[in-house]
Each structure stands twice: as structure tokens, then as C-alpha cells.
Amino acid sequence: GREASRVRPLEEVKADATRDFKREESMRLALGAATNFIRTLTNQMAEGLTWSQVCSNANIVPQKLPTFAQDTRSLPGLDRRFSLARLKEAASGKAPGEVSDLVRVGENGFVLYVADRQEVTEEEIEKESPSFAEDLRRSGENEAFSDWFRKQAELTDLRLASGDSEASAASP
């Protein structure tokens, strides 16, 4: 037969409950700090301050990224906790000087400032267009799988060894 369910004693669940509460509370605080930073960023840039000045005032050290394009497959120096696909998505349609909304990637997040855009030549478009659609499809599949896997890991409380203990200073 079926075993009757029971309420586990506090001693059995206290460590897990405390860990889960601390994790959820830090996520809530980090999201609030990111939201406040974006509000401050928007207001101060509207008043004429630069991206660098706003970041400096908020004690945030932005990560300078190398130039990338929609067909870029890897970005040297990109913090492995961030997604190149999400960076490209955040940059899409942004003009120089514009800032993205908060982009969440798992338990991390970022705000992208577009410093400059370089136009693609007609020759580059003709050369790259056959592989671009396939690369875009493959990138979307990879991102969908990563999202699915993250959700499965959260549902099963799976802990992956990563060596990461703190959020990047580049992220609000």
C-alpha cells in the first residue's frame, strides 16, 4: 500500500528552508538593485551624464565588450554566466547611446549600453547570408535548450559545480 505522508520535523528541513530563503531574498534584493540602477541610469543620462559617469557614480564597473555582430559565434572575454545570444538580442535595434532593459540570464542579469554600431557592407551581407539563417536557427535552439535545462535544474534542485560564488561586478 501507499505510505502515509508525514510532516517532517523542523530539524530536518531547517537548513534547506534557510538556504532557500536566503537565496530567494538575495535574488529579490539583486533585482531591486538592478531596477533602481536602470531608473537612475535613465534619469541621469537624460540629464546629460554619460554611461561611464552613471556607472562610476553607482560603483559599477562595466565590462567592455569587443565588437560583435548577429553572426558572431563566440566573444572572447565574455563572462561565461552571460549568454551571447541574449547580448545580441539586447543590442538588436538599439542605436548608439541607447541602453537595454535588464536582461535576465538564469540567476544573473545585465544591462547593455550600445556605444557604437558599425554598418555592414553589401559585400559582407552577400557573403554571409546563406549561413546566417542556419546560425540563427541553431542559436535559438541552443538558447531554448539552455532555458529548458535551467528550469529542469531548478525544479529538481540540481546543483552544478561551477566555482562561481559571486555575481560579476559588471552586473547591477
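Above this text you will find the structure in question.
Only a predicted model underlies this, so the values are computations on that prediction, with no experimental measurement involved. (Residues numbered from 1 in each chain as written. Predicted model: local features only at pLDDT ≥ 70, side-chain atom pairs only at ≥ 80, totals over all residues. Heavy atoms only, no water.)

**Student:** Describe in detail helix H3 (residues 84-91), supporting the description with residues and values.
**Tutor:** Every α-helix carries 3.6 residues per turn, so stepping three or four residues along brings you back to the same face. H3 sits mainly inside the fold: six of its eight residues count as buried. Looking at H3, one finds that the buried residues are Leu 84, Arg 86, Leu 87, Lys 88, Ala 90 and Ala 91. One or two steps after H3, the chain reaches Gly 93, where phi turns positive at roughly 80°. (Buried < 20%, exposed > 50% of the residue type's maximum accessible area, 1.4 Å probe, protein only. Helix = DSSP H or I, 4+ residues; strand = E, 2+ residues; numbered from the N terminus.)

**Student:** So what about a nonpolar patch on the surface? Which residues, and what values?
**Tutor:** Taken together, the side chains of Phe 145, Trp 148 and Phe 149 define a hydrophobic patch exposed on the protein surface, amounting to about 330 Å² of accessible area. Within the secondary structure layout, Trp 148 lies in helix H4 (residues 122-156). According to the relative accessible area criterion, Trp 148 is partly exposed, its value standing at 47%. (Patch = residues over 30% accessible without salt bridge, like charges linked within 9 Å, V, L, I, M, F, W, Y side chains within 5 Å. Areas by Shrake-Rupley, 256 points an atom, 1.4 Å probe, with all protein chains shown as cover. Salt bridge = Lys/Arg side-chain N within 4 Å of Asp/Glu carboxyl O.)

**Student:** Explain the environment of Ala 69 residue by residue, including any values.
**Tutor:** Summarising the element assignment, Ala 69 is placed in the loop between helix H2 (51-57) and H3. For Ala 69, a relative accessible area of 34% corresponds to the partly exposed category. In the structure, Ala 69 is positioned 49 residues away from Gln 118 in sequence and 9.1 Å away in space, judged by C-alpha atoms.

**Student:** Tell me about the pattern of salt bridges, and please be specific about residues and values.
**Tutor:** A full pass over the atoms with the stated rule returns eight salt bridges. Close ionic contact of Glu 12 with Arg 8 constitutes a salt bridge, the shortest N to O distance being 3.6 Å. For Glu 12, a relative accessible area of 40% gives the class partly exposed.

So, to be careful, I would describe these as geometric facts and stop short of saying anything about function.
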